[in-house]
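Read off the chains here:
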Amino acid sequence: MQEKSGTVSAARAAEEKAACGAAETVGKIAETVGRTAETAVKTAETAAKMDSTENGKGSAPAAAERAAGVLLHISSLPGKYGIGTLGREARRFADFLHAAGVRYWQVLPLVQTGYGDSPYQSVFSASGNPYFIDPETLAAEGLLKKRELALCERAGERVDYGFLYDRKFALLRKAFSRFDCTAPAFRAFEEEGAFHDYALYMALKTAHGGQSFDCWERRYKFRDPAALDAFLREHRGEYSFWLFVQYEFLRQWQTLKEYVNALGIRIIGDIPLYVAYDSADVWANAHLFKLNKNLSCRKVAGVPPDYFSATGQLWGNPVYDWKAHAQEGYAWWTARIRRAFALYDVVRVDHFRGFDRYYEIPAGNETAVGGRWRRGPGMALFDAAQRALGKLDFIAEDLGTIDDGVRRLIRKSGFPSMKVLEFAFDGDPNNAYLPKNIGENSVTYTGTHDNDTLVGYLKSLPAWEYGRLLSIVKPLLKEAGIAARPVGIESTARAIARLALSVRSRLAVLPMQDVLLQGAEARMNTPSTGEGNWQYRLPRIPGAACARALRAAVEEAGRAR
């Protein structure tokens, strides 16, 4: 099948629509972030209707029929400002996906990053990352002069977070100095209050030299109302700056999402199970977490030893007091899910097994060894959320230590689960990740952001293990009717990617690194390591030849639009 003749014109029309709608989008920001339950339901219905128009039927969770997706975080987009942004390169990547017949773009959490630069450690779980704000868009709005953009220019193929911390915030403060805080749209955004705790928290952190709330004066640490009111009056400018940052992020994100959706592409986002201790979430809702009276952690989150780490993963996030959440009807989680579906069309629920049973570790332990499993909320949380918000498209990230309880929860929820082909080739015919054992209600990946790239993974195997993998892969390719003869590393990686697209899962997602056959140097994250992560970037937006090759593989698997 040839590429649709309407590809270029559709992309151009989408760009014009996004550009013309920018002013209107500003006025909708407060509505976007402060959605009522009714509005959130309409968001899900709109996404379903978009698929219904294209596919002739309504959308099941993740995909109504066979579809393909690509995983690439916003931070990994190319560009000259040190990190991917929500500007021109993001639209060009969406155009590439459209040309390749891909219907889903999966990103990682869009939040403001904190310790270790991880999007799973944020100062506020509903925040947008200030680093993603596009400087050129700010210049087009008259908030920056073109010559000032050089402050944030940074060559190189890796994200340098130290550079961004020094330069990007300086540029944003310059833009804020020219911003009209009395504009009706911004006033409405502020009065809606969705980011009040965040902006106050960031202003307090700034006043305390960046320290976490447990190091603040007692009156601020324990949220004395009179003290907070007095602080806000004295530091109104700093408070407004952080509101401005979120206002600009959301305006730019909404414009990008409208552009992507107009191309017939849906966005898969990510909602982490846990939040960071150093966050407005914990500071403003301390009673919902297992904390001591002095607000230090009693228990922290992680996972026991598994195939990622021999000593487990000590994440360090505070764990939830699920009894307190249940007493409030899971209102905090419902609000969090509502915000997620205001940003994304489909939401991947990170560490889904933690809703059945979660692993808690005594605060102060050096590793995750010695923790204990505790009972989670199960379907009660999702039932409460869907009563308020309607049926929503979730993907359950069920990797790691899985038992019968998690399997029962997955079946009861009806959410598609995740399958990862890198885990399939251990020689066990009952391996759940082998193509023959993968059902339709699932999402198959070659690997996730926590895996090595396919090429890196294959290169890391000893000769005997690589030989065993080939002996498994070749019959699978024949069974799938894929005409491939894997011999070397790259041809084997390419064959496994085609195999991932061939499985029965309604949706198959390839990390962009595996599309490009990049090696271990392109790995996004190595669990249980504190440095060198979240830095990967595309050197450039792939060209037409890459789009044609990906489209051919997508069409071969019956997944093209």
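Residues numbered from 1 in each chain as written. Predicted model: local features only at pLDDT ≥ 70, side-chain atom pairs only at ≥ 80, totals over all residues. Heavy atoms only, no water.

Structural notes on the pairing of strand 3 (residues 266-271)
In the case of a regular strand, side chains alternate between the two sheet surfaces. To keep things clear, this is the line we draw: Here the term buried applies to any residue with accessible area under 20% of the maximum for its type, exposed to any over 50%, and partly exposed to those in between, with areas from a 1.4 Å probe on protein chains only. Each helix is a run of DSSP H or I of at least 4 residues and each strand a run of E of at least 2, with the numbering of both proceeding from the N terminus. Here a strand pair is declared whenever DSSP counts at least two bridges between the two strands.
Across the six residues that make up strand 3, a large majority, six, are buried. Sheet analysis places strand 2 (residues 104-106) next to strand 3, joined by three bridges and oriented parallel. Residue pairing in the sheet places Tyr-104 in a bridge with Arg-266 of strand 3. The pairing of strand 3 with strand 6 (residues 346-349) spans four bridges and is classified as parallel. If you follow Ile-271 over to strand 6, its bridge partner there is Val-349.

Details of the nonpolar core
What counts, and what does not: By convention a nonpolar core is built from buried Ala, Val, Leu, Ile, Met, Phe, Trp, Tyr and Cys residues, the set being connected through side-chain atoms within 4.5 Å. Here, residues are in contact when the closest pair of their heavy atoms is within 4.5 Å.
Of all hydrophobic cores here, the largest spans 184 residues; its most connected members are Ile-74, Phe-93, Trp-105, Trp-253, Trp-333, Ile-337 and Phe-355. The element best represented in this core is helix 11 (residues 236-262), accounting for 13 residues. Ile-337 has contacts with Ile-271, Leu-381, Ala-385, Leu-389, Leu-392 and Phe-394, leaving out every residue within four places of it along the chain.

Remarks on the packing of aromatic side chains
Within a pair of aromatic rings, the relevant descriptors are the distance that separates the centres and the angle that separates the planes. What counts here: Here is the rule: rings of Phe, Tyr and Trp (six-membered ring for Trp) pair when centre to centre is within 6.5 Å. Planes less than 30 degrees apart are stacked, more than 60 are edge-to-face, and the remainder are tilted. The rule is short: NZ of Lys or CZ of Arg within 6 Å of the ring centre and within 35 degrees of the ring normal puts a charge over the ring.
In the structure shown here, the tally under the stated rule is 49 aromatic pairs. With 6.3 Å between their ring centres and 45 degrees between their planes, Tyr-131 and Tyr-161 make a pair best called tilted. On the criterion of sequence distance, the pair formed by Tyr-131 in the loop between strand 2 and helix 5 (135-140) and Tyr-161 in helix 6 (residues 161-176) is long-range, its members being 30 residues apart. Tyr-161 matches Tyr-131 in its accessibility class, with the two residues each being buried. Consider the rings of Phe-176 and Phe-244, whose centres lie 5.4 Å apart with planes at 45 degrees: the pair is tilted. Here Phe-244 lies in helix 11 and Phe-176 lies in helix 6, a separation of 68 residues in the sequence. With respect to burial, Phe-176 and Phe-244 carry one shared label: buried. Between the NZ or CZ atom of Arg-173 and the centre of the ring of Phe-241, over which it lies, the distance is 4.1 Å.

Some points on the pattern of salt bridges
Should the charged atoms of two oppositely charged side chains come close, the side chains can pair. Heads up, the condition is: The salt bridge criterion pairs a side-chain nitrogen of Lys or Arg with a carboxyl oxygen of Asp or Glu, the two atoms within 4 Å.
Counted according to the given criterion, the structure contains 26 salt bridges. For Arg-92, the salt bridge identified is with Glu-89, shortest N-O distance 3.1 Å. Here Glu-89 and Arg-92 lie together in helix 4 (residues 88-99), a separation of three residues that amounts to about one turn. What makes Glu-89 buried here is its relative accessible area of 16%. Across the pair Asp-270 and Arg-348 runs a salt bridge whose closest N-O atoms are separated by 2.7 Å. Of this pair, Asp-270 sits in strand 3 while Arg-348 sits in strand 6, and the two are 78 residues apart along the sequence. Taking relative accessible area as the criterion, Asp-270 reaches 4% and is therefore assigned buried. Among the charged side chains, a salt-bridge network with shared partners connects Glu-141, Glu-248 and Arg-251.

With respect to the side chain of Arg-348
This is how the line gets drawn: Definition of a polar contact: a pair of N or O atoms within 3.5 Å, with one able to donate and the other able to accept a hydrogen when the atoms are protein atoms, and with sequence-neighbouring residues admitted only if both atoms are side-chain atoms.
On the basis of relative accessible area, Arg-348 is assigned to the buried category, the value being 3%. A polar atom in the side chain of Arg-348 sits 3.4 Å from the side chain of Tyr-120.

Brief notes about the sheet that holds strand 5 (residues 313-318)
Here is the rule: As a rule, the C-alpha atoms of each element are fitted with a line to give its axis, helices using only the stretch in contact, and angles between N-to-C directions run from 0 to 180 degrees.
Ordered by their spatial adjacency, four strands build an open sheet running 5-4-7-8, and the pairing between neighbours is antiparallel. For this open sheet the edge positions go to strand 5 and strand 8 (372-375), each flanked by a neighbour on one side alone. Each strand axis lies, on average, 45 degrees off the axis of its neighbour in the sheet, ignoring direction. Relative to strand 5, strand 4 (residues 299-303) runs antiparallel, the two being bridged by three bridges. Across the sheet, Val-303 pairs through a bridge with Gln-313, a residue of strand 5.

Details of the confidence of the model for the protein chain
Applied cut-off: Every residue carries a pLDDT, the predictor's confidence in it, which falls somewhere between 0 and 100.
Mean pLDDT for the protein chain: 89, with 89% of residues reaching 70 or above. For the stretch residues 1-61, pLDDT sits under 50, and the model shows 91 contacts to residues farther than four places along the chain or on other chains.

Quick look at unusual backbone geometry
What is expected of a backbone is that most residues other than glycine have negative phi and most peptide bonds are trans. Backbone geometry at Asp-117 places phi at a positive 60 degrees, although glycine is not the residue there. In this fold, Asp-117 is placed in the loop between strand 2 and helix 5. Even without a glycine there, the phi angle at Tyr-330 is positive, about 55 degrees. For Tyr-330, the position within the fold is in the loop between helix 13 (322-327) and helix 14 (331-343). By relative accessible area, which is 9% here, Tyr-330 ends up buried.

Concerning the environment of Asn-294
Position of Asn-294 among the secondary structure elements: in the loop between helix 12 (280-284) and strand 4. What makes Asn-294 partly exposed here is its relative accessible area of 43%. For Asn-294 and Phe-222, which are 72 residues apart along the polypeptide, the C-alpha to C-alpha distance reads 9.0 Å. Excluding its chain neighbours within four sequence positions, the residues that come into contact with Asn-294 are Lys-221 and Phe-222. Side-chain polar atoms of Asn-294 contact the side chain of Ser-296, separated by 2.6 Å.

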